[in-house]
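Here is what each chain is made of, one letter per residue.
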Amino acid sequence: MFRWTLVAAVWAVALWPLVLFLVYLGSPVAAVQLRQQAASWLQTAALAGAALLVIGLLLYPPVAAGLRLLGARVLAALRADRGPLLRALGELRHVETAARHGEVGRLALQRRELPLAIAHLSRALELEPENPGLRYQLGMALLAAGRMREAAGCLQQVVAADPGHAFGEALLQLGRVHLLLGDDQGAVALLRRHALEHGGSRRSHFWLASACRAAADPDGARAALQYAASPPAKNQRLTPEEGLYRARARVALWRTGAGK
Amino acid sequence: MNELLRRANAAPVTFLCALAYVTVAVLTFADTEPAIKLQNAGLMTPALVASGESWRLLTHAFLHGGIVHLLFNLSALMWIGPMLEHSLGSVRFAVLYAVTAVGAGVAVCLWADPRQAVVGGSGALFGMMGAAVAMNMRGGRDLLSFLDFQGPRQLLSLIAVNLVIGWLLPMVSNTAHIGGLLTGFLLTFFGFDPGRGPATAFTRALRAGVAALFVSLCCWCLWPVTRWDWLLRAATTTAEPARQQLLFEAAQRSGLPAPGRPDPDQGTEPDPPPPRRGR
C-alpha cells in the first residue's frame, strides 16, 4: 500500500506542470490562482500534520510507538536482500524438492511477495504433506493475504501435529485467526491456552483482551490489558511491535476507565 | 607528461570536462568584462532558460565565477571523476555529468528567483557524489550494508559538510547542489545500476514515474506558465489585447517584484539579484 502511494505521489507531481499548462491555456490568472491555492493547501497540510504529530507524540502513546515500528520496518525493508530469493528460485530449476520450494516460500513471505510464497509453499506441501514447518509458513502466508479460513485450517493442523510449534507462535496465530473470524469463545480458549503453556507477551495479551471484550468478559479483558500495558522490567527494552501493543493497551485501559 | 596522458586515457570524459573548465575559464577571465562574457558563454538564469535558451541548463556547468571557484571544482572533479568513470564507463559517466548538470539547473529554475544567475560545475559534482552513494547502496548485500564501511560513511559526511557550507555561504547555490545530488542518485539507482533480478511491477512503475518527473520538470523550466517573468514576456509578445490584459494580471498575481515594476507598455524587467555560484 505504502509503495503504491509513493508511485502515485511521484506520478501526481510529474503531471502537475501539465495540469497547470492546460489551465493556463484557458486562463493564465486561473493557473496562477490554482498554483497559489495548491501551495497554500500544502503549507496548511504540512503545518497541521506537524502539529498533530507533536500533539500525538505528547498525548497519545501509540504515535511514538507506531513511529518506532514504522522506522524498524523501513529499515528492515531496506535491509531485505532479493538475492537469496533469486538464488533459491534458480536452484529449483535443477531439482524440485519440498525443501527448495519451502525455502522459496519462506524468503518470499519474508519479502511479503505473498502470491509467490503461497504457490511455492502449497507445492512443497504437495511433495511433503506431513511437514508442520511448511504448513505453518503456508498458514502465515494465507493469514497475511487475508485468506482467514484457509489459514485457520492450516494452523489447526500444525497445532494438532506439533502443539508447541515455533515456540507457541502457531497456537497464538491460530487464536488470532479465530478472533478475526469472529469465533470469540474459541479465540479466548486458544489465547488463554497459549498464555498458560508459553507465558504470553504484550501482543498475545492485547489480542486476548480483544477476544475477552468480544466474548462479553470485561474482567478478563481488563486483566489482559493490565498485563499488556505493564511497563518493562528495568534494563529491558521492548521490541517495536511489543512497544506498540503496550501503547495500545494503555490507551484501551484509559478508555475503560481502569487508570493509567 | 606520459603519466598525465595515461591517466587521461583511463578517464577521458573526466579529463575533457577538466579541459573544458580550464579553456572556458581562460576565455572568460581574460575578458575585461567577465560578467558579460559569462552571460554570452552560457551562464544560467531561470528567466533566460524560460525565454528559449534551454542550452543554458547544461552550459552553466562548464563556467566558473573566479579562480578559487574553478580550482575547487577542478580538484573535486579530478578526485571523484576518474573513480566514477572507471566504475560506470565513459559513456554513462558523460550522460551522468550532463543529466546531473541539467538536474541542478532545473532545481534552480524551480526554487530560485527567475533573475538569479548560476555558474559552476558543482551541481554535477554533487550528482557524482549522489551516483557514488547509489552505487554503494546497490553494490552491497542489502541497501544499507554499505554503512558498515568507513569509505562510504566518509562520503556521506563529505556530502553533509558541503551542504552545510552551502547553507552558510550566501553566494553558494545550495539549490543546485541538492538538485544535482538527487538527480545523480536517482539516475544511478534506477537507471545505471537497477539491482539484481527482474524488475517488479512496483519498480517499473516507480522508474517510469521518476523519468516522467524529470521530463516534466524540464518542460516546466522551459514553460513556467505561472511565473511572473514568463507571463510578462508572454504579455509583451501577444498581439491580442484581452489576452495581454489577462497575462499582465496573472503576472502581477504571481509575485511581480514591486520596486522595478514595469510599465506594461514597455515591458521592462526589474534589476536582477547578484549572481550565485557553486562552492
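Residues numbered from 1 in each chain as written. Chains lettered and ligands numbered in written order. Predicted model: local features only at pLDDT ≥ 70, side-chain atom pairs only at ≥ 80, totals over all residues. Heavy atoms only, no water.

**Student:** Looking at this structure, I do not really get the overall build of chain A. What am I missing?
**Tutor:** Of the regular secondary structure elements, chain A holds 13 helices and 0 strands. Taking 2.2 N^0.38 as the reference for a compact globule, 260 residues should give roughly 18 Å; the C-alpha atoms of chain A span a radius of gyration of 24 Å, well beyond that estimate. Considering only C-alpha atoms, chain A reaches an extent of 70 × 60 × 35 Å along its principal axes. The buried share of chain A, reckoned over its 260 residues, is 39%. Pairs at least 24 residues apart make up 49% of the contacts formed inside chain A by residues separated by at least 6 positions. (Helix = DSSP H or I, 4+ residues; strand = E, 2+ residues; numbered from the N terminus. Rg over C-alpha atoms; globule rule 2.2 N^0.38 Å. Buried < 20%, exposed > 50% of the residue type's maximum accessible area, 1.4 Å probe, protein only. Contact = heavy atoms within 4.5 Å.)

**Student:** Explain the state of the cysteines to me, please; I cannot follow it from the model alone.
**Tutor:** Here a disulfide denotes one covalent bond, and it connects the sulfur atoms of two cysteines. Evaluated as defined, the whole model comprises 0 disulfides over all chains. Unpaired in this structure, B:Cys17 has its nearest cysteine sulfur neighbour in B:Cys218, at a distance of 19 Å. (Disulfide = S-S within 2.5 Å.)

**Student:** Got a minute to help me understand a nonpolar patch on the surface in this structure?
**Tutor:** Residue and element names in this part refer to chain A. On the surface, Trp-11, Leu-15, Trp-16, Leu-18, Val-19, Leu-22 and Leu-25 cluster together into a nonpolar patch covering about 620 Å² of accessible area. Its location among the elements puts Leu-22 in helix H1 (residues 2-26). Leu-22 sits in the exposed class, given a relative accessible area of 54%. (Patch = residues over 30% accessible without salt bridge, like charges linked within 9 Å, V, L, I, M, F, W, Y side chains within 5 Å. Areas by Shrake-Rupley, 256 points an atom, 1.4 Å probe, with all protein chains shown as cover. Salt bridge = Lys/Arg side-chain N within 4 Å of Asp/Glu carboxyl O.)

**Student:** Would you mind going over the side chain of B:Glu85 with me for this structure?
**Tutor:** Residue and element names in this part refer to chain B. Here Glu-85 shows up in helix H6 (residues 67-88). Buried charged residue Glu-85 carries no salt bridge. Nearest counter-charge: Arg-7, at 11 Å. The residues contacting Glu-85, other than those within four sequence positions of it, are Ala-11, Pro-12, Val-13, Thr-14, Ser-90 and Phe-93. (Lys, Arg positive; Asp, Glu negative; His and termini not counted.)

**Student:** Would you take a moment to explain the domain arrangement of chain A for this structure?
**Tutor:** Where interface size is given, it is often the accessible area lost as the parts come together that is meant. What the domain assignment reports for chain A is domain 1 (2-59) and domain 2 (163-260). Averaged C-alpha coordinates put domain 1 of chain A and domain 2 of chain A at centres separated by 41 Å. (Domains from an automatic or database assignment.)

**Student:** Would you mind showing me how to read the interface of chain B and chain A here?
**Tutor:** Taken together, the contacts link 34 residues of chain B with 29 residues of chain A. Taken together, the connections running from chain B to chain A amount to 1 salt bridge. Here B:Asp142 ties to A:Arg79 by a salt bridge, and the two come within 3.4 Å at their closest N and O atoms. Contributions of two or more residues to the side of chain B that touches chain A are made by helix H11 (201-222), helix H12 (228-237) and helix H13 (241-253) of chain B. When residues in the side of chain B that touches chain A are grouped by element, the largest group, 11 residues, is from H11(B).

**Student:** Would you mind showing me how to read the pattern of salt bridges here?
**Tutor:** All names here are of chain A. Scanning all chains against the criterion turns up 15 salt bridges over all chains. Taking the shortest distance from any N to any O, the salt bridge between Glu-96 and Arg-123 comes out at 2.7 Å. Placement of Glu-96 in the loop between helix H4 (83-92) and helix H5 (98-110) and of Arg-123 in helix H6 (residues 114-127) is noted, with a sequence separation of 27 residues between them. Looking at Arg-123, the relative accessible area reads 28%, which means it is partly exposed.

**Student:** Please clarify how the layout of surface pockets should be interpreted in this entry.
**Tutor:** Unoccupied space between atoms shows up once a probe the size of one water molecule is rolled over them. What the second largest pocket holds in volume is close to 1,500 Å³. In terms of lining residues, the second largest pocket is bounded by 42 residues, among which A:Val13, B:Leu110, B:Trp111, B:Leu213 and B:Leu217 are the most central. It is helix H10 (residues 174-192) of chain B that contributes the most residues to the lining of the second largest pocket, 10 residues altogether. Here the lining of the second largest pocket is built from residues that sort into 31 nonpolar, 8 polar and 3 charged. (1 Å grid on protein atoms, 1.4 Å probe; cavity = no way out; pocket = protein on both sides within 12 Å on 5 of 7 lines; lining within 4 Å. Points joined across faces, edges and corners; volume = space filled by probe spheres on them. Nonpolar A, V, L, I, M, F, W, Y, C, P; charged D, E, K, R; others polar.)

**Student:** For this particular structure, what's the right way to read helix H8 (residues 122-139) of chain B?
**Tutor:** Relative to the 26 Å expected for 18 residues at 1.5 Å per residue, H8(B) spans 25 Å between its end C-alpha atoms, a close match to the ideal helical length. The buried fraction of H8(B) amounts to 14 of the 18 residues, a majority that puts the element mostly inside the structure. (Expected span 1.5 Å × (residues − 1).)

**Student:** Would you mind showing me how to read the packing of aromatic side chains here?
**Tutor:** The relation between two aromatic rings is expressed through the spacing of the ring centres and the mutual angle of the planes. Residue and element names in this part refer to chain A. A complete count under the given rule lists 9 aromatic pairs over all chains for this structure. Judged by centre distance (6.2 Å) and plane angle (35°), the rings of Phe-21 and Tyr-24 are tilted. Taken as a pair, Phe-21 and Tyr-24 lie in helix H1 at a separation of 3 residues, close to a single helical turn. Phe-21 gets classed as partly exposed once you look at its relative accessible area, which sits at 30%. (Phe/Tyr/Trp six-rings, centres within 6.5 Å; stacked < 30°, edge-to-face > 60°.)

**Student:** How should the packing of helix H2 (residues 12-29) of chain B against H6(B) be read in this particular structure?
**Tutor:** Packed helix pairs are characterised by how far apart their axes lie and by the angle those axes make with each other. All names here are of chain B. Viewed as axis vectors pointing N to C, H2 and H6 meet at an angle of 170°, and their least axial separation amounts to 8 Å. On the basis of the axis angle, H2 is roughly antiparallel to H6. Residues Pro-12, Val-13, Thr-14, Phe-15, Cys-17, Ala-18, Tyr-21, Val-22, Ala-25 and Phe-29 of H2 lie in contact with H6, whose contacting residues are Ile-67, Leu-70, Asn-73, Leu-74, Leu-77, Met-78, Gly-81, Pro-82 and Glu-85. Considered class by class, the residues forming the contact of H2 with H6 number 15 nonpolar, 3 polar and 1 charged. (Axes fitted to C-alpha atoms, helices over the stretch in contact; angles between N-to-C directions. Parallel < 35°, antiparallel > 145°, perpendicular 65-115°, else oblique.)

**Student:** In this structure, what is going on with the side chain of B:Asn162? I would like to understand it.
**Tutor:** In this structure, B:Asn162 sits in helix H9 (residues 150-168). Side-chain polar atoms of B:Asn162 contact the backbone oxygen of B:Leu158, separated by 2.9 Å. (Polar contact = N/O pair within 3.5 Å; in protein donor to acceptor, adjacent residues only side chain to side chain.)

**Student:** Would you mind showing me how to read the domain arrangement of chain B here?
**Tutor:** Residue and element names in this part refer to chain B. Taken domain by domain, chain B holds domain 1 (2-225) and domain 2 (227-266). A straight line from the C-alpha centre of domain 1 to that of domain 2 covers 34 Å. Contact residues are listed per partner, giving 11 residues for domain 1 and 7 residues for domain 2. Across the interface of domain 1 and domain 2, roughly 830 Å² is buried in total on both sides, 60% from carbon and sulfur atoms. On the domain 1 side of the contact with domain 2, Pro-114, Pro-224 and Val-225 bury the most area, a combined 49% of that side's loss. (Buried area = accessible area lost by both parts, 1.4 Å probe.)

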